[in-house]
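Observations on the model geometry
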Amino acid sequence: MIDFGIDKIALIGAVALIVLGPERLPRVARTVGVLLGKAQRYVQQVQSEVNRSIEVEELRKMQTDISDAARDLGSQVQQGLNEASQALSGQDVNEASSAGGSFYNDLTHTPYYGNPLPERKNWRLKRGATPLWYKQRHGVRRHVQSGAARVARFRPASGASRHP
């Protein structure tokens, strides 16, 4: 933008005051401010559109590069698979098993690591099947209570005084 110093702005304001007069100067200044704001918004909009179009072009170029790389990788993998299948079809299965030990057996065997924790299936159902008299006798909680409710439950009666 054009660089205006304070001295240039003061000179333009003095000339505008002399030419336009004190009555019309505020209205003209408002109009000029509105027009400058519209111009700045238009310039920002054009800049953002240009930036978006540049980004879209970069993304398209990146997409073509990635798709080319994926196609090359796919062809290399397919070529490797073809070579491996040709190598395996050339050997006899008996030769491969005698030379390499138990190659095919290792593929089908899955190791057992065991379950580290015992299963707790239907533990809620088992707890619910316990008779109520047994729960009351052994002090098993049947309802969830907040801390404040528990304190209120075991608070001494209001008639009894705490201090003798």
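Residues numbered from 1 in each chain as written. Predicted model: local features only at pLDDT ≥ 70, side-chain atom pairs only at ≥ 80, totals over all residues. Heavy atoms only, no water.

Regarding its fold elements, the protein presents seven helices and zero strands. Counted from the first residue to the last, the protein has its helices and strands arranged as α-α-α-α-α-α-α. Every one of the 164 residues in the protein was classed for burial, and the buried ones make up 2%. As displayed, the protein offers around 15,700 Å² of accessible surface, 59% of which is attributable to carbon and sulfur atoms. (Helix = DSSP H or I, 4+ residues; strand = E, 2+ residues; numbered from the N terminus. Buried < 20%, exposed > 50% of the residue type's maximum accessible area, 1.4 Å probe, protein only. Areas by Shrake-Rupley, 256 points an atom, 1.4 Å probe, with all protein chains shown as cover.)

The next subject is helix H1 (residues 6-20). Taking 1.5 Å of rise per residue, the 15 residues of H1 would be expected to cover 21 Å, and the 21 Å separating its terminal C-alpha atoms lies within 8% of that figure. In the segment just after H1, Gly21 is the residue with positive phi, at about 95 degrees. (Expected span 1.5 Å × (residues − 1).)

A side chain of one charge can pair with a side chain of the opposite charge if their charged atoms are brought near each other. Applying the stated criterion across every chain, the model contains two salt bridges. Measuring nitrogen to oxygen at the nearest pair gives 3.0 Å for the salt bridge that ties Asp68 to Arg71. Pair noted here: Asp68 and Arg71 are both in helix H2 (residues 25-90), with a separation of three residues, about one helical turn. Arg71 sits in the exposed class, given a relative accessible area of 54%. (Salt bridge = Lys/Arg side-chain N within 4 Å of Asp/Glu carboxyl O.)

Throughout the structure, instances matching the rule amount to one aromatic pair. Ring plane angle 85 degrees and centroid distance 6.0 Å describe the contact between Trp133 and Tyr134, whose orientation is recorded as edge-to-face. Classification of Trp133 by relative accessible area gives exposed; the value is 52%. (Phe/Tyr/Trp six-rings, centres within 6.5 Å; stacked < 30°, edge-to-face > 60°.)

A cluster of nonpolar side chains, contributed by Tyr42, Val43, Val46, Val50 and Ile54, occupies part of the molecular surface with about 440 Å² of accessible area. With respect to the secondary-structure elements, Val43 resides in helix H2. (Patch = residues over 30% accessible without salt bridge, like charges linked within 9 Å, V, L, I, M, F, W, Y side chains within 5 Å.)

The predicted model of the protein has a mean per-residue pLDDT of 80, with 73% of residues at 70 or higher. When mean pLDDT is compared element by element in the protein, H2 scores highest at 92, while helix H3 (residues 93-100) scores lowest at 50. (pLDDT = per-residue confidence, 0-100.)

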